Amino acid sequence: MVALEEAQVLRAETAGIARDATRGRILSVALGLIAERGFAGTTTREIAERLGFTKAALYYHFRTKDDLLAAIVGPAREALARLVEQWPPRPSPSARRRVLEGYLDLVVAQHELIRVLADDPSAHERPAIRAVAPLADRLVRLLAGTPAPDTAQRTRVRAALGAVHAAVLRSEAGDDPAVVRATALVAACGALGVQAPRPSATA
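Here we summarise the structure given alongside this text. (Residues numbered from 1 in each chain as written. Predicted model: local features only at pLDDT ≥ 70, side-chain atom pairs only at ≥ 80, totals over all residues. Heavy atoms only, no water.)

### Some thoughts on the overall build of the chain
Point 1. Secondary structure summary: the chain contains 11 helices and zero strands in total.
Point 2. Each helix (α) and strand (β) of the chain, taken in turn from the N terminus, gives the series α-α-α-α-α-α-α-α-α-α-α.
Point 3. Per-residue burial for the chain yields a buried fraction of 36% across its 203 residues.
Point 4. Taking all contacts inside the chain whose residues are at least 6 apart in sequence as the whole, residues at least 24 apart take part in 69%.
Point 5. Surface accessibility of the chain: about 11,500 Å² in total, with carbon and sulfur atoms responsible for 55%. (Helix = DSSP H or I, 4+ residues; strand = E, 2+ residues; numbered from the N terminus. Buried < 20%, exposed > 50% of the residue type's maximum accessible area, 1.4 Å probe, protein only. Contact = heavy atoms within 4.5 Å. Areas by Shrake-Rupley, 256 points an atom, 1.4 Å probe, with all protein chains shown as cover.)

### Re the layout of surface pockets
Point 1. Here the largest pocket defines a volume of roughly 590 Å³.
Point 2. Lining the largest pocket are 21 residues, with Tyr103, Ile114, Ile129, Val132 and Ala136 positioned closest to its centre.
Point 3. Those elements that provide at least two residues to the lining of the largest pocket are α4 (65-85), α5 (93-109), α6 (111-118), α7 (127-130), α8 (133-144) and α9 (151-169).
Point 4. Grouping the constituent residues of the lining of the largest pocket by class yields 17 nonpolar, two polar and two charged. (1 Å grid on protein atoms, 1.4 Å probe; cavity = no way out; pocket = protein on both sides within 12 Å on 5 of 7 lines; lining within 4 Å. Points joined across faces, edges and corners; volume = space filled by probe spheres on them. Nonpolar A, V, L, I, M, F, W, Y, C, P; charged D, E, K, R; others polar.)

### As for the packing of α5 against α9
Point 1. Relative to each other, α5 and α9 sit at 30 degrees, their axes nearing to 10 Å. Viewed along their axes, α5 and α9 adopt a mutual orientation that is roughly parallel. Handedness of the crossing formed by α5 with α9: right-handed. Across the interface between the two elements, Leu100, Tyr103, Leu104, Val107 and Val108 of α5 pack against Leu161, Val164, His165, Val168 and Leu169 of α9.
Point 2. Here the contact of α5 with α9 is built from residues that sort into nine nonpolar, one polar and no charged. (Axes fitted to C-alpha atoms, helices over the stretch in contact; angles between N-to-C directions. Parallel < 35°, antiparallel > 145°, perpendicular 65-115°, else oblique. Left-handed = near helix turned anticlockwise from the far one by under 90°.)

### Topic: empty space enclosed by the protein
Point 1. The tally for this structure, following the rule as stated, stands at one cavity of 30 Å³ or more.
Point 2. The wall of the largest cavity is formed by Ile34, Phe39, Thr42, Ile47, Lys65, Leu68, Leu69 and Ile72.
Point 3. Per-element tally for the lining of the largest cavity: the top contributor is α4, with four residues.

### A few points about the packing of aromatic side chains
Point 1. Going through the model one piece at a time under the given rule, you end up with zero aromatic pairs.
Point 2. The cationic tip of Lys65 hangs over the ring face of Phe39; the distance from NZ or CZ to the ring centre is 4.4 Å. (Phe/Tyr/Trp six-rings, centres within 6.5 Å; stacked < 30°, edge-to-face > 60°. Lys NZ or Arg CZ within 6 Å of the ring centre and 35° of its normal.)

### Considering the nonpolar core
Point 1. Within the largest apolar cluster, 57 residues are counted, with the highest numbers of intra-cluster contacts made by Leu80, Leu100, Tyr103, Leu139 and Leu143.
Point 2. Taken together, the elements giving at least two residues each to this core come down to α1 (2-37), α2 (44-51), α4, α5, α6, α8, α9 and α10 (177-192).
Point 3. Among the elements that line this core, the one with the most residues is α4, at 10 residues.
Point 4. Those residues within four positions of Leu80 in sequence are excluded, and the remaining contacts are Tyr103, Leu106, Val132, Leu135, Ala136 and Leu139. (Core = buried A, V, L, I, M, F, W, Y, C linked by side-chain atoms within 4.5 Å.)

### So, the side chain of Arg96
Point 1. With respect to the helices and strands, the residue Arg96 is situated in helix α5.
Point 2. Engagement of the side chain of Arg96 in a polar contact is seen with the backbone oxygen of Leu143, the distance being 2.7 Å.
Point 3. Dropping the residues within four chain positions of it, Arg96 is found in contact with Pro91, Leu142, Leu143, Ala144, Gly145, Leu192 and Val194. (Polar contact = N/O pair within 3.5 Å; in protein donor to acceptor, adjacent residues only side chain to side chain.)

### Comments concerning the pattern of salt bridges
Point 1. As enumerated under the stated definition, the model contains 10 salt bridges in all.
Point 2. Between Arg37 and Glu36 there is a salt bridge, and its shortest N-O distance comes to 4.0 Å.
Point 3. Two residues, Arg181 and Asp105, come together in a salt bridge whose shortest N-O distance is 2.7 Å. Linking Arg181 in helix α10 with Asp105 in helix α5, this pair joins segments that are 76 residues apart in sequence.
Point 4. In the salt-bridge network here, residues are joined through shared partners; they are Glu36, Arg37, Glu46 and Arg50. (Salt bridge = Lys/Arg side-chain N within 4 Å of Asp/Glu carboxyl O.)

### Overview of the environment of Thr43
Point 1. With respect to the helices and strands, Thr43 occurs in the loop between α1 and α2.
Point 2. A sequence separation of 21 residues divides Thr43 from Thr64, and the C-alpha atoms of the two residues are 9.5 Å apart.

### Quick notes on the packing of α4 against α8
Point 1. Viewed as axis vectors pointing N to C, α4 and α8 meet at an angle of 35 degrees, and their least axial separation amounts to 10 Å. Regarding α4 and α8, the two cross each other, and that crossing is left-handed. Judged by residue contacts, Arg77, Leu80, Ala81, Leu83, Val84 and Glu85 of α4 engage Leu135, Ala136, Arg138, Leu139 and Leu142 from α8.
Point 2. Here the residues of the contact of α4 with α8 are counted per class, giving eight nonpolar, no polar and three charged.

Below, the structure written as structure tokens:
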């Protein structure tokens, strides 16, 4: 009886691992096609064909393109939620820099996804992207250091985030990632008006 139960558990675990691997492959292929053709220009049929699946097999994992997009965006949205939810509404200047560093690391980790979606207006109004908007607004207010930033403060934040995005998303193949990160952080801190870490701390 014990051996039978152990075999059942092992089969269930093996099936779960295979299902997760399949989902991961689907998401990777879907993101690649969206990068090529845009969200609006990518169909579930094309995703299934690229995978060598039937549409029914794809529907077993994801019923719609919006479900796919939500799964693709999910890890980045969760990381952003963890980042913004750990700080008080009025963070100190040093805390604002740490928020900025956390966001920079998020962009580094999710650079392919962010680059694809930033260049695809057809994805911006989808539910999965709209769900990120409150978190992005919270990020802006944290970086501004106040729950009600004025125009100048919001402009500083936009400049800081623009520095992060431009540095990371437009970096070239031969660029040293550590130098890109360190330089982006210094530039973004300057735009935000907070003290940047010393060079040794950013390397």
